[in-house]
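In case you want the letters, here they are:
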Amino acid sequence: MGFQMQPYGMQAMLKEGHKHFSGLDEAVLKNIDACKQLSVITRTSLGPNGMNKMVINHLDKLFVTNDAATIVNELEVQHPAAKILVLASKAQQEEIGDGANLTISFAGELLQNAEELIRMGLHPSEIISGYTKAINK
């Protein structure tokens, strides 16, 4: 007969097997990871030697394309940070007519570098300040 404590507080409200992250760094790293995963999906279709992707949408329609705009339109992205990246690529596609893949890939690389800086101990606001200075140069 073992003594088992009942969950309380936040643990009582969440499902069993949940992961609760606290702190800015952990939440930021999870957001970065979601955006990097989207970048990995589209990165290999960039350029003249880009590979085609086979995408099956929610209606079971098959698409074979190397166009990142089509790929992200057909994906059902659920993560809020990754949705922002999808919206940025859609805005690029609507405004210029091209460059959705470059937008996602470039953002993925910037976030990869930001993740390394966060793991080194830099605060995200300092990273943003550095990227802003780089834009202005």
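**Q** When you look at the packing of helix H5 (residues 100-120) against helix H6 (residues 124-136) in this model, what are you seeing that I'm missing?
**A** Working note: a packed helix pair is described by the angle between its axes plus the distance between those axes. It is at 10 Å that the axes of H5 and H6 come closest, and there the two elements cross at 135 degrees. The orientation of H5 with respect to H6, classified from their angle, is oblique. Here H5 runs over H6; the crossing is right-handed. Judged by residue contacts, Leu110, Asn113, Ala114, Leu117 and Ile118 of H5 engage Pro124, Ile127 and Tyr131 from H6. Residue composition of the contact of H5 with H6, by class: seven nonpolar, one polar and no charged.

**Q** Teacher, can you tell me more about the environment of Ile71 here?
**A** Among the structural elements, Ile71 can be located in helix H3 (residues 68-74). Residue Ile71 is classed as buried on the basis of its relative accessible area of 1%. Ignoring sequence-local partners within four residues, the contact set of Ile71 consists of Ile41, Thr42, Ser45, Lys53, Val55 and Thr65.

**Q** Just checking my understanding: could you explain the packing of helix H2 (residues 24-43) against helix H4 (residues 80-96) for this structure?
**A** One way to put it is that H2 packs onto H4 with a least axis distance of 8 Å and a crossing angle of 45 degrees. By the angle between their axes, H2 is oblique relative to H4. Two packed elements cross with a definite hand, and for H2 against H4 that hand is right-handed. When H2 is examined against H4, the residues Asn31, Ala34, Cys35 and Leu38 are found in contact with a partner set consisting of Ala81, Ala82, Leu85 and Val86. Considering only residue class, the contact of H2 with H4 consists of seven nonpolar, one polar and no charged.

**Q** Just checking my understanding: could you explain the pairing of strand S2 (residues 62-65) for this structure?
**A** Where a strand is regular, its side chains alternate between the two sheet faces. Only one face of S2 is buried: it carries Phe63 and Thr65, and the other face, with Leu62 and Val64, is open. The pairing of strand S1 (residues 53-56) with S2 spans four bridges and is classified as antiparallel. Its bridge partner lying in S2, Ile56 is registered against Leu62. Remark: five residues form the turn of the hairpin made by S1 and S2, two consecutive strands paired antiparallel; Asp60 in that turn has positive phi of roughly 65 degrees.

Criteria and cut-off values
- Residues numbered from 1 in each chain as written.
- Predicted model: local features only at pLDDT ≥ 70, side-chain atom pairs only at ≥ 80, totals over all residues.
- Heavy atoms only, no water.
- Axes fitted to C-alpha atoms, helices over the stretch in contact; angles between N-to-C directions.
- Helix = DSSP H or I, 4+ residues; strand = E, 2+ residues; numbered from the N terminus.
- Parallel < 35°, antiparallel > 145°, perpendicular 65-115°, else oblique.
- Left-handed = near helix turned anticlockwise from the far one by under 90°.
- Contact = heavy atoms within 4.5 Å.
- Nonpolar A, V, L, I, M, F, W, Y, C, P; charged D, E, K, R; others polar.
- Buried < 20%, exposed > 50% of the residue type's maximum accessible area, 1.4 Å probe, protein only.
- Pairing = 2+ DSSP bridges.

All quantities given are derived from atomic positions and should not be read as evidence of function.
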